[in-house]
Amino acid sequence: MHDMIVRLYRLPDIQEGTQALAQCGIRIRRCMPYELLTLQHWVSANFSPKWLSEATVAMAHQPPGCLIATRDSAILGFVCVDATMRGFLGPMGLVETARGQGIGRMLLLTALHEMRHMGYAYAILGGVGPVDFYRKVAAAEVIPNSTPGIYEDLLPDPPSC
Ligand SMILES: CC(C)(COP(=O)(O)OP(=O)(O)OC[C@H]1O[C@@H](n2cnc3c(N)ncnc32)[C@H](O)[C@@H]1OP(=O)(O)O)[C@@H](O)C(=O)NCCC(=O)NCCS
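Residues numbered from 1 in each chain as written. Predicted model: local features only at pLDDT ≥ 70, side-chain atom pairs only at ≥ 80, totals over all residues. Heavy atoms only, no water.

Enquirer: Sorry if this is basic, but what is going on with the pairing of strand E6 (residues 122-128) here?
Expert: Side chains on a regular strand alternate between the two faces of the sheet. For E6, the buried fraction is high: six of the seven residues fall into the buried class. Relative to E6, strand E1 (residues 2-7) runs antiparallel, the two sharing five bridges. Bridge pairing in E6 places methionine 4 opposite leucine 125. Here strand E5 (residues 88-94) pairs with E6 via two bridges, running parallel. Across the sheet, leucine 89 pairs through a bridge with leucine 125, a residue of E6. The parallel pair E5 and E6 is bridged by helix H4 (residues 103-118), and the resulting crossover is right-handed. (Buried < 20%, exposed > 50% of the residue type's maximum accessible area, 1.4 Å probe, protein only. Helix = DSSP H or I, 4+ residues; strand = E, 2+ residues; numbered from the N terminus. Pairing = 2+ DSSP bridges. Right-handed = clockwise from strand over helix to strand, strands pointing away.)

Enquirer: Please explain the site of the ligand as it appears in this structure.
Expert: Close to the ligand lie 19 residues; Leu94, Gly100, Gly102, Gly104 and Arg105 are nearest. The separation between an oxygen atom of the ligand and a polar main-chain atom of glycine 100 is 2.8 Å. In this structure, arginine 105 approaches the ligand through a side-chain N or O atom, which is 2.4 Å from an oxygen atom. When isolated, the ligand has an accessible area of 900 Å², and the protein chains bury 67% of it. Residue assignment for the shell around the ligand shows that the elements contributing at least two residues are E5, H4 and helix H5 (131-138). Examining the composition of the shell around the ligand, we find that five residues originate from one element, H5, more than from any other. (Near = heavy atom within 4 Å. Polar contact = N/O pair within 3.5 Å; in protein donor to acceptor, adjacent residues only side chain to side chain. Areas by Shrake-Rupley, 256 points an atom, 1.4 Å probe, with all protein chains shown as cover.)

Enquirer: Looking at this structure, how should I read the environment of serine 53?
Expert: Turning to its location among the elements, serine 53 is positioned in helix H3 (residues 49-58). Given a relative accessible area of 44%, serine 53 falls into the partly exposed group. Considered as a pair, serine 53 and glycine 126 are 73 residues apart in the sequence and their alpha carbons are 15 Å apart.

Enquirer: What is the right way to read the sheet that holds E5 from this model?
Expert: Within a sheet, adjacent strands bond to each other through the backbone by hydrogen bonds, running parallel or antiparallel. Read across the open sheet, the seven strands follow the order E2-E3-E4-E5-E6-E1-E7; overall the sheet is mixed. Of all the strands in the sheet, the pair left with one neighbour each is strand E2 (26-30) and strand E7 (141-142). Each of strand E3 (66-71), strand E4 (74-81) and E5 is contacted by helix H2 (residues 36-46), which is oriented at about 95 degrees to E4, the strand it contacts most. (Contact = heavy atoms within 4.5 Å. Axes fitted to C-alpha atoms, helices over the stretch in contact; angles between N-to-C directions.)

These figures come from the coordinates and say nothing about function on their own.
Have a look at this one:
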């Protein structure tokens, strides 16, 4: 698992893609503090305890650093900014039934635009799985010698999760 870097000053426009999702009833927006427990329940049900931890930290910022894709008041996917380290994007993930429809692309690009507005010039994608997805959508490049990067000496997940 490598880290990747994205140039935030060369991002594709998201207006058209956002409108296309809206026509399907899909919205990408910030997760609000009063939705924290709902988000935690959803991440816990769909992903790992470590992603739950990172999403919780992202939600502790003001404004919260977690964006969600929703349809009919249900979460389809999430992405975190400034959770694991400053300048890091991730984790991100969609429920299996929502994958392969362009939602991940727009979730990622919306979060990257958000980081650009925050004042970052580059985003780091920490310990990525699908390298080709990030390469294709955001022209991300693998950072040499970034394995294991910051992800070393990991504590095991608690037994109750
Ligand atoms: C990875 C993930 C976020 C992608 O979201 P998605 O909505 O399925 O992706 P999209 O439909 O927006 O795909 C955008 C493009 O990336 C490609 N792509 C999507 N997933 C890919 C993958 N795993 N590997 C390579 N390419 C991929 C698509 O084919 C599409 O290409 P196209 O523009 O040529 O059609 C989603 O599959 C997911 O949640 N996976 C499980 C969790 C995970 O791995 N998260 C990343 C942790 S680092």
